[in-house]
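Observations on the three-dimensional arrangement
In case you want the letters, here they are:
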Amino acid sequence: MMKSFSFIAFLAAAVLLLVGCKGDNYEVRGDSVYFTWWTWSFGNQEQRLEGADAGSFEQVTDWLGKDKNHVWYEARMAEGCDPQTVKALKKGLFYDKKDYYYEGAALHVADIATFEVLDFSNDILWAKDSKCAYYDSTRIDSVDAKTFEVINSFYARDSKHVYDRAKVLPLADPETFEYLHMLYLKDKNHVWYSDSIMPDANAGEFKAQMDYGWDSKSVWYNGKILKGADPKTFEVLESGYYAKDAKHVWYHDELVKGADAASFKDDGQMEGHDKNQKYVCERIYDLDD
């Protein structure tokens with residue numbers, strides 16, 4: 001009976017929580033306008049829109065609002081945006097008769113007639129027109145717009161350069177550039193971890209998986225040498241948390257002391273086992289823990 005009561009109480013609490021949750025929205029209260037939103041950490045939140053005219057205010061979408069004089073992205077005023085011609089595209093991106101805006105900031109589009117969105121996945125914007133490219137709210141001048149293309153959320157290239165977000169990646173060859181995994185990159189001459197060249201890495205041989213990288217001479221974790229690792233027998237295991245060579249097992253870059261590499265298996269969820277024992281992270285599993 002107690003269990004049934006507890007379950008019913010849990011369901012009731014869950015329903016009350018959901019009913020009390022508000023989505024993003026604008027609310028006019030008297031002479032003021034508020035943008036309201038909900039978070040898991042703090043529940044319902046709100047912010048007053050400074051300078052908003054309550055009498056003429058209207059909600060365009062749940063993240064875009066306007067009055068007779070101004071436009072707001074959420075609670076941020078979009079300086080210079082024309083409320084008479086503003087149109088919403090995808091959350092964060094909108095435009096008026098003279099410009100495009102990302103999260104309330106003007107892109108200062110060079111040629112609005114040729115503006116096009118190239119990629120807008122993971123809430124990260126890549127766009128271009130006939131003269132410039134755009135990464136989020138940053139304009140990238142002097143690109144070759146005809147050859148400009150997006151590689152992924154963080155990298156793009158044209159015939160002259162590779163772009164790490166809105167900045168040129170120095171020395172990168174756009175023709176042979178590859179995004180490998182996590183923060184590892186390479187072209188025919190160099191290997192990078194993030195924006196730092198790894199001078200000892202062999203670009204022709206280099207491979208990467210998760211946070212690990214290796215060539216025929218060395219193994220790296222997060223761009224730093226993984227001491228004692230044998231690149232000839234090195235492998236990253238299924239979950240990516242564990243890796244091993246013929247003699248050692250690592251959890252991230254921590255040596256799993258005592259692990260038998262030959263029999264070690266990755267069980268996922270930061271757990272593994274060998275023929276002798278079970279491991280959680282880099283530690284031997286202990287029932288008393």
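This structure is a prediction, so every number in the text was calculated from the model and none was measured. (Residues numbered from 1 in each chain as written. Predicted model: local features only at pLDDT ≥ 70, side-chain atom pairs only at ≥ 80, totals over all residues. Heavy atoms only, no water.)

Describing the sheet that holds strand E26 (residues 219-221)
Read across the sheet, four strands follow the order E24-E25-E26-E27 without closing on themselves; strand pairing throughout is antiparallel. Since the sheet does not close on itself, it has two edges, and those belong to strand E24 (207-209) and strand E27 (224-225), each with one partner. (Pairing = 2+ DSSP bridges. Helix = DSSP H or I, 4+ residues; strand = E, 2+ residues; numbered from the N terminus.)

Concerning the sheet that holds strand E11 (residues 105-106)
Taken together, four strands build an open sheet; the order of strands is E8-E9-E10-E11 and the sheet is antiparallel. Pairing within the sheet leaves two strands with one partner each, and these edge strands are strand E8 (87-88) and E11. Judged from the three bridges that link them, strand E9 (residues 93-95) and strand E10 (residues 100-102) form a sheet pairing that is antiparallel. Bridge pairing in E10 links Leu93 to Tyr102.

Description of the pairing of strand E12 (residues 116-119)
One ladder, built from three bridges, connects E12 with strand E13 (residues 126-128); its direction is antiparallel. Each residue of the ladder has a partner; that of Asp119, found in E13, is Trp126. Here E12 folds back onto E13 in antiparallel fashion, the turn holding six residues, of which Asn122 has a positive phi close to 55 degrees.

Observations concerning the environment of Asp230
For Asp230, the location among the structural elements is in the loop between E27 and strand E28 (235-236). Taking the C-alpha atoms as reference, Asp230 lies 48 Å from Phe42; in sequence the two are 188 residues apart. Once you skip the residues sitting within four places of it in the chain, Asp230 turns out to touch Val219 and Asp245. Polar contacts involving the side chain of Asp230 include one to the side chain of Thr233, which spans 2.9 Å. (Contact = heavy atoms within 4.5 Å. Polar contact = N/O pair within 3.5 Å; in protein donor to acceptor, adjacent residues only side chain to side chain.)

Digging into the nonpolar core
The nonpolar side chains of soluble globular proteins are, as a tendency, buried together. In this structure, Leu93, Tyr100, Tyr102, Leu107, Val109, Phe115, Phe120, Leu125, Ala127, Cys132 and Tyr134 together form the largest nonpolar core, which totals eleven residues. With sequence-adjacent residues up to four places away left out, Leu107 is seen in contact with Asp99, Tyr100, Tyr101, Tyr102, Phe115, Leu125, Tyr134, Asp136, Ser137 and Arg139. (Core = buried A, V, L, I, M, F, W, Y, C linked by side-chain atoms within 4.5 Å. Buried < 20%, exposed > 50% of the residue type's maximum accessible area, 1.4 Å probe, protein only.)

Structural notes on the pattern of salt bridges
Between side chains of opposite charge, a pair can form when the charged atoms approach closely. Tallied over the full model, the rule gives ten salt bridges. A salt bridge links Glu50 to Arg48; the nearest nitrogen and oxygen atoms lie 3.2 Å apart. Take Glu50: its relative accessible area is 55%, and that puts it in the exposed class. Accessibility expressed as a relative area gives 37% for Arg48, which makes it partly exposed. Across the pair Lys91 and Glu74 runs a salt bridge, and its minimum N-O distance is 3.4 Å. With Lys91 in the loop between E8 and E9 and Glu74 in the loop between strand E6 (71-73) and strand E7 (76-77), this residue pair connects regions lying 17 residues apart in the sequence. Judged by relative accessible area, which is 39%, Lys91 ranks as partly exposed. The exposure class of Glu74 is partly exposed, given its relative accessible area of 23%. (Salt bridge = Lys/Arg side-chain N within 4 Å of Asp/Glu carboxyl O.)

As for the packing of aromatic side chains
A full pass over the atoms with the stated rule returns 29 aromatic pairs. Measuring from ring centre to ring centre gives 5.7 Å for Phe148 and Tyr163, while their planes differ by 50 degrees; the resulting arrangement is tilted. Of this pair, Phe148 sits in the loop between strand E15 (138-140) and strand E16 (149-150) while Tyr163 sits in strand E18 (residues 162-164), and the two are 15 residues apart along the sequence. Exposure remark for Phe148: the relative accessible area of 4% places this residue in the buried category. What links up through ring pairs into an aromatic cluster is the set Tyr26, Phe35, Trp37, Phe57 and Trp72. Seen from the ring of Tyr34, Arg29 lies directly overhead, with NZ or CZ sitting 4.3 Å from the centre. It is Lys90 that lies over the ring of Phe120; its NZ or CZ is 4.9 Å from the centre. (Phe/Tyr/Trp six-rings, centres within 6.5 Å; stacked < 30°, edge-to-face > 60°. Lys NZ or Arg CZ within 6 Å of the ring centre and 35° of its normal.)

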